[in-house]
Amino acid sequence: MLGELILAVDLGTSFIKTGVYDTSGNILANASEPVKDERLRPGIYIQKAELILEAVLNCIKAVTESIGDKSDFIEAIVFTGQMAGFMGVDKNWGDVTHWSCSLDNRYLKYADSMTKEYADLFLEQAGTNSPVMLPKIHWFANDFSELSKTISKYMMISGFILGRLGDVPIEDATIDRTYLEWTGLSDIKNSQWSKEILDLFSIDEDKLPRIVESSTICGKLSQKMAEILGLKSGIPLISGAGDKPAGCLGAAIVDCGDTIFEAASYGGMSCCVDEYRPDYKNRRLDIIPSAIPGMFYSHYYAAGSGITIDWFAKNFTNFGDLKEKEIFSELEKLAENVSPGCDGLMAIGMLGGCAMPLKPKMRGLWSGFNWSHKPEHFYRALLESFAYEFAMTTDTYDELYKEYAGAPVNIIGGGSKSAFWTQMHSDVSGRNYQLLSRSDVALWGACIIAGKAIGIFDDMKETAKKHVSVTKVYNPNSEMNDFYRKKMQEYKELLKYSEPIFEITAL
């Protein structure tokens, strides 16, 4: 007899993804749907919440139709997805602001001024170097003052989708604690809204959602939505977790010192810890609450790192009619033949600005090139720049959490398919890099949370460990580590001395 099934929804920036899983971690069906956006000019990135909801419904219908009668065994719907942004809704769940993620950077002047004055407060209390929801609230209130008066609740996109699927009363809107850090409004250690920050910036707590644990049942699928989706009504809707902590759980990054690098559009690194130690020195690390109570992830992300690499491959190569995967393969072959250090060429790949520490005016830069350099040199320089960024992150872990120093780094995401780049990360950092057996870690991690919520799984840690393994290990080359360490120091100097240039050339 078929056992319980769980349906997970991943609310990504570019795509909605859904998957139906059994309790052994097997995926029965999956689907994806692009999210429509409007880019009226540089810096404006608008996603209408109703269109996101439409994409979610299409995705859910696709997987339920795929499994047919087995959809009767779906016992929970759980959510994961993007973690930095905000939206405001009226008392009837109407979309007032649209979903505004971090790519919509009209808020940055407010974030910049706030962090310059209150950087220590945000880092110590809210756990972040880069608040997003708070400055977006101020941006919208200043630029759209009349519309802002109609807002009943501010929330994340996951809270909106859950509320609409469950026809939840607006006063019962929720946010799970894994989303708190980039709101800039929380007392991260105590999983509550910070009275000090709310008072300082005149934020009405009644307009913020109720904070819950990741495994909280926040509603049940309404009759109306059940009919649209072809599912039974009353299915529990589980809060779930942001894509970073859900992915960490799905990848079994659950014990102190466990570290993971997600080589994706927004490359991110997370180290599991049981104590928050603010990174006052480097301001490189934020803290993300884990779906497992009492645990955290010390986290760094390079905004748009994977997008930058994709941008270069699509715009600065000429491989005829090759498909996208083939373009990357050919470009990588050429880059492998370039000497480490790119014959003096060095790059800064922060085309969308630096988030940690917050430097919104930072952009891309190549330095030291001459007539001998070819596209593959510029490409490899970008890869090396991101390897330096993440090696600087592991160095910061070693400073703050000496008891876990030198721990191996697990790697997932599209970049993990490149043995060349993964070996480069190992060489630069001096750590072993381990390839994992699962690529669907965020969806599966969300399912583990849902299983805990409805009583299928007793222990989320042990469940996670049973369903993922290391498939390959990359060991650092000591000579290459010595070489790259010297180059990384040069990269740090380039970052330092380029700041005035970005101030001058900022749009």
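Heads up: these notes are all about the structure in this document.

The rules behind each value
- Along every chain, residues carry numbers that run from 1 in the direction the sequence is written.
- In keeping with the predicted nature of the model, local features appear solely for residues at pLDDT of at least 70, side-chain atom pairs appear and are counted solely at 80 or more, and the whole-chain, interface and lining totals rest on all residues.
- Just so you know, side-chain values use all the structure's heavy atoms and leave hydrogens and water out.
- Here a strand is any run of E in DSSP of at least two residues, a helix any run of H or I of at least four, and the numbering for each starts at the N terminus.
- For every residue, the accessible area obtained with a 1.4 Å probe (protein chains only) is divided by the maximum for its type, and the residue is called buried under 20%, exposed over 50%, and partly exposed between those limits.
- Here, residues are in contact when the closest pair of their heavy atoms is within 4.5 Å.
- What makes two strands pair is DSSP finding at least two bridges between them.
- Orient the strands so they point away from the viewer; a crossover is then right-handed if the path from the first strand over the helix to the second runs clockwise.
- Helix axes are fitted to C-alpha atoms over the stretch in contact, other axes to C-alpha atoms as well, and angles between N-to-C directions run from 0 to 180 degrees.
- Put simply, angles under 35 degrees are roughly parallel, angles over 145 are roughly antiparallel, angles from 65 to 115 are roughly perpendicular, and the rest are oblique.
- A clockwise turn of the near helix away from the far one marks a right-handed crossing, whereas an anticlockwise turn of less than a right angle marks a left-handed crossing.
- Residues are grouped as follows: Ala, Val, Leu, Ile, Met, Phe, Trp, Tyr, Cys and Pro are nonpolar; Asp, Glu, Lys and Arg are charged; all remaining types, including Gly, are polar.
- Here, the term nonpolar core denotes a set of buried Ala, Val, Leu, Ile, Met, Phe, Trp, Tyr and Cys residues that are joined through side-chain atoms within 4.5 Å.
- Here a pair means two rings of Phe, Tyr or Trp (six-membered ring of Trp) with centres within 6.5 Å. Their orientation is stacked below 30 degrees between planes, edge-to-face above 60, and tilted elsewhere.
- We call a charge positioned above a ring when the Lys NZ or Arg CZ atom is no farther than 6 Å from the ring centre and deviates by at most 35 degrees from the ring normal.

## So, the side chain of Thr-396
Phase 1: Mapped onto the fold, Thr-396 is located in helix α11 (residues 375-400).
Phase 2: Overall, Thr-396 belongs to the buried group, its relative accessible area being 3%.
Phase 3: When residues no more than four places from it in sequence are discounted, the contact partners of Thr-396 are Asp-279, Asn-282, Arg-284 and Leu-285.

## Here's the deal with the pairing of strand β23 (residues 433-436)
Phase 1: Neither face of β23 is exposed, since Tyr-433 and Leu-435 on one face and Gln-434 and Leu-436 on the opposite face are all buried.
Phase 2: The sheet contact formed by strand β22 (residues 409-412) and β23 spans three bridges and is parallel. In the sheet register, Ile-411 faces β23, and the bridge partner there is Leu-435.
Phase 3: Viewed along the sheet, the connection from β22 through helix α12 (residues 419-429) into β23 turns out right-handed.
Phase 4: In this sheet, strand β24 (residues 470-474) lies alongside β23 in antiparallel orientation, the contact comprising four bridges. Bridge pairing links Leu-436 to Val-470 in β24.

## Here's the deal with the environment of Ala-407
Phase 1: Inspection of the secondary structure puts Ala-407 in the loop between α11 and β22.
Phase 2: What makes Ala-407 buried here is its relative accessible area of 14%.
Phase 3: In this structure the C-alpha to C-alpha distance between Ala-407 and Asn-432, which are 25 residues apart in sequence, comes to 7.8 Å.
Phase 4: In contact with Ala-407, other than residues within four places in its own chain, are Gly-257 and Arg-431.

## A closer look at the packing of α11 against α12
Phase 1: Orientation of α11 relative to α12, taken along the N-to-C sense of each, is 45°, at an axis distance of 9 Å. Put simply, α11 runs oblique to α12. When you trace α11 past α12, the crossing you get is right-handed. Facing Arg-380, Leu-383, Glu-384, Phe-386, Ala-387, Tyr-388, Phe-390, Ala-391 and Thr-394 of α11, the residues of α12 in contact are Phe-420, Trp-421, Met-424, His-425, Val-428 and Ser-429.
Phase 2: Partitioned by chemical class, the residues of the contact of α11 with α12 number 10 nonpolar, three polar and two charged.

## Some words on unusual backbone geometry
Phase 1: Going from Met-356 to Pro-357, the amide bond is cis rather than trans, its omega being 0°.
Phase 2: Locating Pro-357 in the fold gives a position in the loop between β19 (354-355) and β20 (358-359).
Phase 3: Its identity is not glycine, yet Arg-283 carries a phi of approximately 50°, on the positive side.
Phase 4: Among the secondary structure elements, Arg-283 is positioned in the loop between β15 (268-273) and β16 (286-289).
Phase 5: Given a relative accessible area of 22%, Arg-283 falls into the partly exposed group.

## Considerations on the sheet that holds β16
Phase 1: Read across the open sheet, the seven strands follow the order β16-β17-β15-β14-β22-β23-β24; overall the sheet is mixed. Both outer strands of the open sheet, β16 and β24, are each paired with one neighbouring strand and no more. Going from strand to strand, the sheet's axes swing by 30° on average, the running direction of each strand aside.
Phase 2: Note that strand β14 (residues 259-262) and β15 share four bridges and pair antiparallel. Bridged to Phe-261 within β15 is Met-269.

## Considering the sheet that holds strand β1 (residues 5-11)
Phase 1: Ordered in space as β3-β2-β1-β4-β13-β12, the six strands form an open sheet in which the pairing is mixed. Whereas interior strands pair on both sides, the edge strands pair on one side only; in this sheet they are β3 (27-34) and β12 (217-220). Ignoring strand direction, the axes of neighbouring strands in this sheet form an average angle of 20°.
Phase 2: Pairing of strand β4 (residues 74-81) with strand β13 (residues 236-238), which is carried by two bridges, proceeds in the parallel orientation. In the strand pairing of β13, Val-78 is matched with Ile-238.

## Description of the nonpolar core
Nonpolar side chains in soluble globular proteins tend to end up buried together.
Phase 1: Membership of the largest hydrophobic core comes to 176 residues, with the highest contact counts inside it found for Ile-161, Leu-165, Leu-185 and Leu-221.
Phase 2: Tallying contributions element by element places α11 first for this core, with 12 residues.
Phase 3: The residues contacting Leu-221, other than those within four sequence positions of it, are Ile-77, Leu-165, Ala-226, Leu-229, Leu-231, Lys-232, Ser-233, Gly-234, Ile-235 and Leu-237.

## Brief notes about helix α3 (residues 133-143)
Phase 1: When α3 is considered as a whole, its buried residues turn out to be Met-133, Leu-134, Pro-135, Lys-136, Ile-137, Trp-139 and Phe-140.
Phase 2: Of the surrounding elements, those touching the buried residues of α3 are β5 (85-89), β6 (100-101), α2 (108-126), α4 (145-148), β7 (153-155) and α6 (195-200).

## Structural notes on the packing of aromatic side chains
Phase 1: Enumeration according to the criterion identifies 26 aromatic pairs in this entry.
Phase 2: When the ring of Trp-93 is compared with that of Phe-160, the centres are 6.4 Å apart and the planes differ by 55°; the resulting orientation is tilted. Here Trp-93, found in the loop between β5 and β6, pairs with Phe-160, found in helix α5 (residues 157-166); they are 67 residues apart in sequence, far enough to count as distant.
Phase 3: Classification of Trp-93 as buried rests on a relative accessible area of 6%.
Phase 4: For Phe-160, a relative accessible area of 0% puts it in the buried group.
Phase 5: Centre to centre, the rings of Phe-312 and Phe-316 are 5.2 Å apart; their planes meet at 15°, and the pair counts as stacked.
Phase 6: Among the aromatic residues, ring-to-ring pairing joins Trp-311, Phe-312, Phe-316, Trp-366, Phe-369, Phe-378 and Tyr-379 into one connected group.
Phase 7: Residue placement shows Arg-284 over the ring face of Tyr-300; its charged tip is 4.6 Å from the ring centre.

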